[in-house]
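Examination of the molecular architecture
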Amino acid sequence: MADEKYWLFDGTNFGNWKYRIEVLMEDKGLLDCLEKAIEDEDYAKEVPGDTAVVLAEKKKKLDLRISRDRKCKNILVNRIGEDQLDYVKDTRTAKEAWDALKNVFERVGIAGKLLLKKQFQELKLKEGGDVKANLLQFEKVLRDMRAAGVKTDEEDTDQLTMDYVKKRLMDESAKRANHDVSQSRIRESAFTGNKEMRQRGLIG
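In what follows, the accompanying structure is described.

Calculation criteria
Residues numbered from 1 in each chain as written. Predicted model: local features only at pLDDT ≥ 70, side-chain atom pairs only at ≥ 80, totals over all residues. Heavy atoms only, no water. Helix = DSSP H or I, 4+ residues; strand = E, 2+ residues; numbered from the N terminus. Buried < 20%, exposed > 50% of the residue type's maximum accessible area, 1.4 Å probe, protein only. Contact = heavy atoms within 4.5 Å. Areas by Shrake-Rupley, 256 points an atom, 1.4 Å probe, with all protein chains shown as cover. Axes fitted to C-alpha atoms, helices over the stretch in contact; angles between N-to-C directions. Left-handed = near helix turned anticlockwise from the far one by under 90°. Nonpolar A, V, L, I, M, F, W, Y, C, P; charged D, E, K, R; others polar. Polar contact = N/O pair within 3.5 Å; in protein donor to acceptor, adjacent residues only side chain to side chain. Expected span 1.5 Å × (residues − 1).

Attention now moves to the overall build of the protein. Helix and strand counts for the protein come out as eight helices and zero strands. Start at the N end of the protein and walk to the C end: the helices and strands fall as α-α-α-α-α-α-α-α. Within the span of the protein, comprising 204 residues, buried residues form 25% of the whole. A separation of at least 24 residues holds for 62% of the contacts in the protein among residues at least 6 apart in sequence. In the structure as shown, the protein presents an accessible area of about 14600 Å², 51% of it carried by carbon and sulfur atoms.

Quick look at the packing of helix α1 (residues 14-27) against helix α3 (residues 52-77) now. At their nearest, the axes of α1 and α3 sit 11 Å apart, and the two run at 145° to each other. Classified by chirality, the crossing of α3 by α1 is right-handed. Here Trp17, Ile21, Leu24 and Met25 of α1 come into contact with α3, specifically with Cys72, Ile75 and Leu76. Here the contact of α1 with α3 is built from residues that sort into seven nonpolar, no polar and no charged.

Relative to the assigned elements, lysine 95 resides in helix α4 (residues 94-105). A distance of 2.6 Å separates the side chain of lysine 95 from the side chain of aspartate 99, its partner in a polar contact. If we skip the residues at most four places from it in the chain, lysine 95 touches Cys33, Leu34, Glu35, Lys36, Ala37 and Asp69.

Moving on to α1. When the terminal C-alpha atoms of α1 are compared, their 20 Å separation across 14 residues agrees well with the 20 Å that a helix rising 1.5 Å per residue should span. In the segment just after α1, glycine 29 is the residue with positive phi, at about 70°.

Everything listed here is a matter of coordinates, which is why it stays silent on function.
Here it is in structure tokens:
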């Protein structure tokens, strides 16, 4: 489409760009080109006993797969910024180009993994903070952790899911709300008490 928005990868926010590319390739029916190598397809291999008809059918499927791979790689390369193209110039297929980018931009060292785990452990709902905004922050840190292969203490004993994160945030939000209600009642009670004491002339 002429008005289709192109998200060029500039070397930053790889996780978000990767997600957009996966959604785009899925929409175009090309996601498998990023996930499976051509040589790993069953029809790319000859086996003893293949007849001429079977071999002809395999070749037909292989030719189509190669054509689809070229289309996929073309889409992928045209969504990579100039400064990042060197990472994929020596690749032959869409999957090779995709893996080359993931190997560079998803790779996280020990220090980075420790930092991600520290960020997760320190995530808290700030005073007066927005629950949805904090939930988005939780989701981003969790995605980064999973991409880097980082496990949390919760994952060692139970599968960490977004339900856990939402429950943690909602519990904190409810706790804040209950605290605010309690404080409001205390202030209301104090005001009522002071009013009665003034009426009785006990205070000025």
